[in-house]
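If you want the building blocks of each chain, they are given just below.
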Amino acid sequence: MTIFLVLLCLVANLSSAWAHVFGFDGQPLAKIAVHKTVSAVNGSAKITAYPVLLGLQGEDTQAVTVDLFYPYASNDDWIGVFSPAKFNSSTCPNEPKEAAPFLCTSPIKYKFANEGNPDYVKTGEASLKFQLINQRADFSFALFSGGLSSPKLVAVSNFISFLNPKAPLYPRIAQGKSWNEMTVTWTSGYNIDEAVPFVEWGMKGDEQTRSPAGTLTFTRNSMCGSPARTVGWRDPGYIHTSFLKNLWPNAVYTYRIGHLLSNGLYVWSNIYSFKSSPYPGQNSLQRVIIFGDMGKGERDGSNEYTNYQPGALNTTDQLIRDLGNYDIVFHIGDICYANGYISQWDQFTSQVEPIASTVPYMIASGNHERDWPNTGSFYNGMDSGGECGVLAETMFYVPAENRAKFWYSTDYGMFHFCIADSEHDWREGTEQYRFIEQCLASADRSKQPWLIFAAHRVLGYSSDKYYGLEGSFEEPMGRESLQKLWQKYKVDIAFYGHVHNYERSCPIYQNQCVKNGKHNYSGTATGTIHVVVGGGGAHLSEYSTVTPKWSIHRDYDHGFGKLTAFNHSYLLFEYKKSRDGKVYDSFTISRDYRDVLACVHDGCEATTLAT
């Protein structure tokens, strides 16, 4: 009996930890039982949205007021925002209908009616504010009773829309496959048979040139499962990518997105700017931001009733305030936690636009982008909500040979980055393992002394609660194959997300600290420092009650990491909290090139006695 109770407690603890790490708490939109909706239209209910026409001054986001009256008000009444505005059964694909009217699409956001008036139940009146972004379609607002689990459609508002719903929006730049190439990706409502997409760009103040763009999209059939294929489906529009080549190093470029319509008219975006990358090995101040698991937040307060991504806006806003103090961003997986609700990707690209339009926004693949059973992902979980990687691979550019295999290398001055895909097998003998070794081996440490490895899941070290219960303080099978590569090629720092907190190890190899000290490391590169930066915004993860000896600093809060390379011999890492942007942990690495070449345990080049 005692053994049974112990096992029962262990299973309960594991389940809780798994939920914390893998996000089983649920996408807020998944709380809505869309297919259980029934009609309860009430002629005395009224709901009105205004202004009717948005974006008259070219805005791509605008506040909307929704006034409602319902004489039978209750505390579980809620307002759903639908786009496209027409969402009744006539828009459903051919499939069995469970209820009438049969709703087959989720709202893009929602609020409870009593948020607009604390006396709503008494008066039946409320006025709510929603912040909308341009998402290529019109909008309507629907009043439901019955709560989220048994929705009853009571009333639908008038339709509203942006002046140009198809406008090119939300540019995100990324490094191309060479150091002197920048890519610009954006979303619009224009297919190639309606308009020709391009980017007009050039050095600031100089003559501008134009580069063509490729156009991609995907359909419901591209999704691997529900909700992405069912209630979460929404037309993604068209995703365009242009390649700006032969850039001069360290130069400021301006650009704007254009579409040439079939009638000869042009549709233009705002004007943006970026600074091109330094030449690989260039000795100058270079600053990198890195974090994982940020997600998206709603500035109008909608959706966030489950505390799912409470720090997302804090991190975003802190990075916006810090623009000008860093050069490139790495968001290493669990991008927006759409989990199959396609509308959320537009909202995320809108959220990060001030950042991603200005500095390269490089992403990695996480479980919430890729994992779905029987689709080739290493894990058979359902965390992607049926997206199976399609959204991440299409909405953002990465310089991978095959974006379905989301591993790649990229250079930024004195840094060489090897970005792994933890949702595909990384173990010895696999295609990805061969890539990782080739990427690490290709770094010329005399010119690029700072070698960085990154992956979404913790393939190195973390004292997360689940990993502690599992026993090895890592993703199962995480470091067994890779640690000899990190040691052989003397990787400076390995970064991870997935676990929603901050933790830093000592320089470590095979579970043993190989350097003394906590904040300053100098001389021979004897081991890799492992840093978890998964506190970008999602609900936080608990630590194990056991603190391993290698764990130097832990912080249960939202934040991000910053690397600053001052020159070839001095690197600073800082951990900053999103709430205030202040530094709460830091360390430095100082050394010369000969320290990288020096022989260390399991990291020596072959020698001969011959002369």
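Our subject is the structure listed above.
All of the points below concern the structure found in this document. Source: prediction; values computed, not measured.

1. With respect to the nonpolar core
Point 1. With 67 residues, the main nonpolar core has Phe330, Tyr361 and Phe495 as its most contacted residues.
Point 2. Setting aside its immediate chain neighbours within four residues, Phe330 contacts Val288, Ile289, Ile290, Phe291, Met362, Tyr408, Thr410, Phe417 and Ile419.
Point 3. Judged by nonpolar contacts, the second largest core, of 27 residues, contains Val458, Leu485, Trp486 and Val491.

2. A few points about unusual backbone geometry
Point 1. The residue after Tyr50, namely Pro51, is reached through a cis peptide bond having omega 0°.
Point 2. The topology assignment puts Pro51 in the loop between strand 2 (46-50) and strand 3 (53-54).
Point 3. In this model, Ser226 is joined to Pro227 through a cis peptide bond whose omega is 10°.
Point 4. Along the chain, Pro227 turns up in the loop between strand 14 (209-216) and strand 15 (238-244).
Point 5. Residue Asp334 is not a glycine yet carries a positive backbone phi of 50°.
Point 6. In this structure, Asp334 sits in the loop between strand 19 (328-332) and helix 4 (343-351).

3. A short note on helix 8 (residues 431-441)
Point 1. Within the sequence span of helix 8, burial applies to Gln432, Tyr433, Phe435, Ile436, Cys439 and Leu440. For helix 8, the angular spread of buried residues about the axis comes to 160°, placing them on one side.
Point 2. Looking at the packing, one finds that the buried side of helix 8 touches strand 21 (408-412), strand 22 (415-419), strand 23 (450-455) and helix 10 (483-488).

4. A closer look at the state of the cysteines
Point 1. This structure, assessed with the given rule, holds 4 disulfides.
Point 2. What pairs with Cys224 in a disulfide is Cys388, and their sulfur atoms sit 2.1 Å apart. Here the disulfide of Cys224 and Cys388 is right-handed, its torsion about the S-S bond being about 80°. In this pair, Cys224 sits in the loop between strand 14 and strand 15 while Cys388 sits in the loop between helix 6 (367-370) and helix 7 (390-395), placing the two residues 164 residues apart along the sequence.
Point 3. Using a relative accessible area of 33% as the deciding quantity, one classes Cys224 as partly exposed.
Point 4. Residue class for Cys388 comes out buried when judged on its relative accessible area of 8%.
Point 5. With no disulfide of its own, Cys336 has Cys388 as its nearest cysteine by sulfur position, at a separation of 14 Å.

5. Digging into the pattern of salt bridges
Point 1. Scanning all chains against the criterion turns up 27 salt bridges.
Point 2. Residue Asp346 is joined to Arg136 by a salt bridge in which the shortest nitrogen-to-oxygen separation is 2.8 Å. Of the two residues, Asp346 sits in helix 4 while Arg136 sits in the loop between strand 7 (125-133) and strand 8 (140-145), which places them 210 residues apart along the sequence.
Point 3. A salt bridge links Glu437 to Lys488, with the nearest nitrogen and oxygen atoms 3.5 Å apart. Of this pair, Glu437 sits in helix 8 while Lys488 is found in helix 10, placing the two residues 51 residues apart along the sequence.
Point 4. Among the residues examined, Glu437 registers a relative accessible area of 25% and is labelled partly exposed.
Point 5. The class of Lys488 is partly exposed, set by a relative accessible area of 39%.
Point 6. Connected through salt bridges with shared partners, the residues Lys109, Lys296, Glu298 and Asp300 form a single ionic network.

6. Concerning the pairing of strand 13 (residues 195-203)
Point 1. Within strand 13, 7 of the 9 residues are buried, leaving the element largely enclosed by the surrounding structure.
Point 2. In the sheet, strand 13 pairs with strand 16 (residues 252-261) via 9 bridges, with the strands oriented antiparallel. In the strand pairing of strand 16, Ala195 is matched with Leu261.
Point 3. In textbook terms, the turn of a hairpin is the stretch between consecutive antiparallel strands, and for strand 13 and strand 14 this stretch comprises 5 residues, one of which, Gly205, has a positive phi near 90°.

7. Here's the deal with the packing of aromatic side chains
The way to describe two aromatic rings as a pair is by their centre distance and the angle between their planes.
Point 1. Throughout the structure, instances matching the rule amount to 36 aromatic pairs.
Point 2. Their ring planes at 35° and their centres at 6.0 Å tell us that Tyr361 and Phe396 sit as a pair that is tilted. Taken together, the residues Tyr361 in strand 20 (residues 361-364) and Phe396 in the loop between helix 7 and strand 21 connect sequence positions 35 residues apart.
Point 3. On the basis of relative accessibility, which here comes to 1%, the residue Tyr361 falls in the buried class.

8. Some thoughts on the side chain of Gln286
Point 1. As for its placement among the helices and strands, Gln286 is situated in strand 18 (residues 286-291).
Point 2. Taking the relative accessible area as the measure of exposure, Gln286 reaches 1% and is therefore buried.
Point 3. Within the local environment of Gln286, its side chain forms a polar contact with the backbone oxygen of Gln282, the two atoms lying 2.8 Å apart.
Point 4. In contact with Gln286, other than residues within four places in its own chain, are Pro278, Asp327, Tyr412, Gly413, Met414, Phe415, Leu563, Thr564 and Ala565.

9. Some details on a nonpolar patch on the surface
Point 1. On the surface, Leu53, Leu56 and Leu163 cluster together into a nonpolar patch covering about 290 Å² of accessible area.
Point 2. Here Leu163 lies in the loop between strand 10 (161-162) and strand 11 (169-175).

10. Digging into the sheet that holds strand 5 (residues 78-82)
Point 1. If you walk across this open sheet you meet the 5 strands as 1-9-8-5-6, and the pairing is mixed. Where the open sheet ends on each side, the last strands, each with one partner, are strand 1 (38-39) and strand 6 (109-112).
Point 2. Examined bridge by bridge, strand 5 and strand 8 share 5 bridges and lie antiparallel to one another. Bridge pairing in strand 8 places Phe82 opposite Ser140.

Reading the values: the criteria
- Residues numbered from 1 in each chain as written.
- Predicted model: local features only at pLDDT ≥ 70, side-chain atom pairs only at ≥ 80, totals over all residues.
- Heavy atoms only, no water.
- Core = buried A, V, L, I, M, F, W, Y, C linked by side-chain atoms within 4.5 Å.
- Buried < 20%, exposed > 50% of the residue type's maximum accessible area, 1.4 Å probe, protein only.
- Contact = heavy atoms within 4.5 Å.
- Helix = DSSP H or I, 4+ residues; strand = E, 2+ residues; numbered from the N terminus.
- Arc of directions from axis to C-beta.
- Disulfide = S-S within 2.5 Å.
- Salt bridge = Lys/Arg side-chain N within 4 Å of Asp/Glu carboxyl O.
- Pairing = 2+ DSSP bridges.
- Phe/Tyr/Trp six-rings, centres within 6.5 Å; stacked < 30°, edge-to-face > 60°.
- Polar contact = N/O pair within 3.5 Å; in protein donor to acceptor, adjacent residues only side chain to side chain.
- Patch = residues over 30% accessible without salt bridge, like charges linked within 9 Å, V, L, I, M, F, W, Y side chains within 5 Å.
- Areas by Shrake-Rupley, 256 points an atom, 1.4 Å probe, with all protein chains shown as cover.

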